[in-house]
Amino acid sequence: MNCRHQGSIITFPARFFLIIPCRFWRCSVSFKNRVAMEGHDLSNVSVVDNVLSLQNKIAAIRRAGPSKLQVIADFDGTLTKYMVNGRRGQSSHSLLRQGNPEFDAKRKALYEYYHPLEFSPTIPIQEKTKLMEEWWGKTHNLLIEGGLTYDAIGESVADSAITFREGVVELFEFLEERDIPVLIFSAGLADIIEEVLRQKVHRCFRNVKIVSNRMIFDDDGRLISFKGKLIHSLNKNEHALDMAAPVHEHLGDVDGVIDDNASVKKRTNVLLLGDHLGDLGMSDGLEYETRISVGFLNDNIENNLASYRKAFDVVYLNDAPVWGVVKLASELCSTVSA
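What comes next concerns the included structure. (Residues numbered from 1 in each chain as written. Predicted model: local features only at pLDDT ≥ 70, side-chain atom pairs only at ≥ 80, totals over all residues. Heavy atoms only, no water.)

With respect to the overall build of the protein chain
- Secondary structure summary: the protein chain contains eleven helices and 15 strands in total.
- Sorting the 338 residues of the protein chain into buried and exposed places 54% on the buried side.
- Of the contacts made within the protein chain by residues no fewer than 6 positions apart, 73% connect residues no fewer than 24 positions apart.
- Surface summary for the protein chain: the accessible area is close to 15,800 Å², and the carbon and sulfur share equals 50%. (Helix = DSSP H or I, 4+ residues; strand = E, 2+ residues; numbered from the N terminus. Buried < 20%, exposed > 50% of the residue type's maximum accessible area, 1.4 Å probe, protein only. Contact = heavy atoms within 4.5 Å. Areas by Shrake-Rupley, 256 points an atom, 1.4 Å probe, with all protein chains shown as cover.)

Rendered as structure tokens:
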């Protein structure tokens, strides 16, 4: 089939604007995904600051081919919705209830103390890194001391207000069909992310790996420790790739993974998805040739848009779905028409 994407200029309120270059391309997308994408016009919630740079990056990645491409994505606020039913959606951290109000309150107190420090512009990065290690370490210890169980994770997710953006499943399916790995980088808890996938999507993807903190449970399903290196908000990047584990191993999929970690590192073109400027660091440690970054600006748009549009190649506003990313991925894997 032939998909045609035609140029337009959109005027945003409060001096926002978008220029989409006129391009013609052939893509290979399933009929279901094509219908879904064509039903969503995202031109009024997307911003491209440097069109020529984006065009050049798309062309470079297409020339290299899908075998050189990988996708790196943040989880909370990127793959998941920022607002759910008119209220702030929960994160994979905040949804957890360990069945012990005393320890839930202690974790909340840690959040209230350390969270402002995480975003303080006056604390040097080395000092802030130590603070984050301290915060994550204390939180993990409370989860162990408070007797967190695997069953409590399932109950917490079932009772939570967390949901994926529209188009995420279709994006994963499109990438899986083309053997393109997806690395989900999160400073949260891998076991919770897997449970969200299990309950909200009801399937797994052989191309998806999670780089996050993984729990170890005893035979009674009680948390006893954490596996490997601690991953916090300031070190979730490809240096932590050895922590990656394929989702299918934990959700019972019998198919093998698409790429091992060494092969992933050889994929030197990156499509990066994040909702914070710090998420751009997720590709640190990878010697990439071309990177296209997509930012989701969920809140305080007028104050933050200037910095986001300079930092990211494409910015989506107002908790937008990811159909635009599906279109971009299909273009990256397409061949130029005559």
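Notes on helix H4 (residues 125-145)
- For H4, built from 21 residues, the straight-helix expectation of 30 Å at 1.5 Å per residue is met to within 8% by its first-to-last C-alpha distance of 30 Å.
- Within the sequence span of H4, burial applies to Lys128, Leu131, Met132, Trp135, Trp136, Thr139, His140, Leu142 and Leu143. On an axial view of H4, the arc spanned by its buried residues comes to 165 degrees, and they lie on one face. H4 presents Gln126, Lys130 and Glu145 as exposed residues on the side facing more than 90 degrees away from its buried surface.
- Residues of H4 that are buried sit in contact with helix H3 (101-118), strand S9 (182-189), strand S10 (208-217) and strand S11 (223-227).
- With its phi angle positive at about 75 degrees, Gly147 sits one or two positions after the end of H4. (Expected span 1.5 Å × (residues − 1). Arc of directions from axis to C-beta.)

What to know about the environment of Phe185
- Along the chain, Phe185 falls in strand S9.
- Distance from Phe185 to Gly274, taken between C-alpha atoms, is 9.7 Å for residues 89 residues apart in sequence.

Quick word on the pairing of strand S15 (residues 314-317)
- Alternating residues of S15 divide into Val314 and Tyr316 and Val315 and Leu317, and every residue in both groups is buried.
- The pairing of strand S5 (residues 46-47) with S15 spans two bridges and is classified as antiparallel. Note on S15: the bridge partner recorded for Val47 is Val315.
- In this sheet, S15 lies alongside strand S14 (residues 290-297) in parallel orientation, the contact comprising four bridges. Note that in S15 the partner of Val294 across the bridge is Val314. (Pairing = 2+ DSSP bridges.)

Some words on the pairing of S11
- Across four bridges, S10 lies against S11 in antiparallel orientation. Across the sheet, the residue bridging to Arg214 is Lys227, located in S11.
- From the end of S10 to the start of S11, which pair antiparallel, there are five residues, and Gly221 there has a positive phi angle of about 80 degrees.

Thoughts on the pattern of salt bridges
- Here the structure, examined in full by the defined rule, presents 15 salt bridges.
- Asp279 serves as the salt-bridge partner of Lys236, at 3.1 Å between the closest nitrogen and oxygen. One end of the pair, Lys236, is in the loop between S11 and strand S12 (245-246); the other, Asp279, is in the loop between strand S13 (269-274) and S14, with 43 residues separating them in the sequence. Grouping residues by exposure puts Lys236 and Asp279 together as buried.
- One continuous salt-bridge network, built from bridges that share partners, spans Asp49, Arg309 and Lys310. (Salt bridge = Lys/Arg side-chain N within 4 Å of Asp/Glu carboxyl O.)

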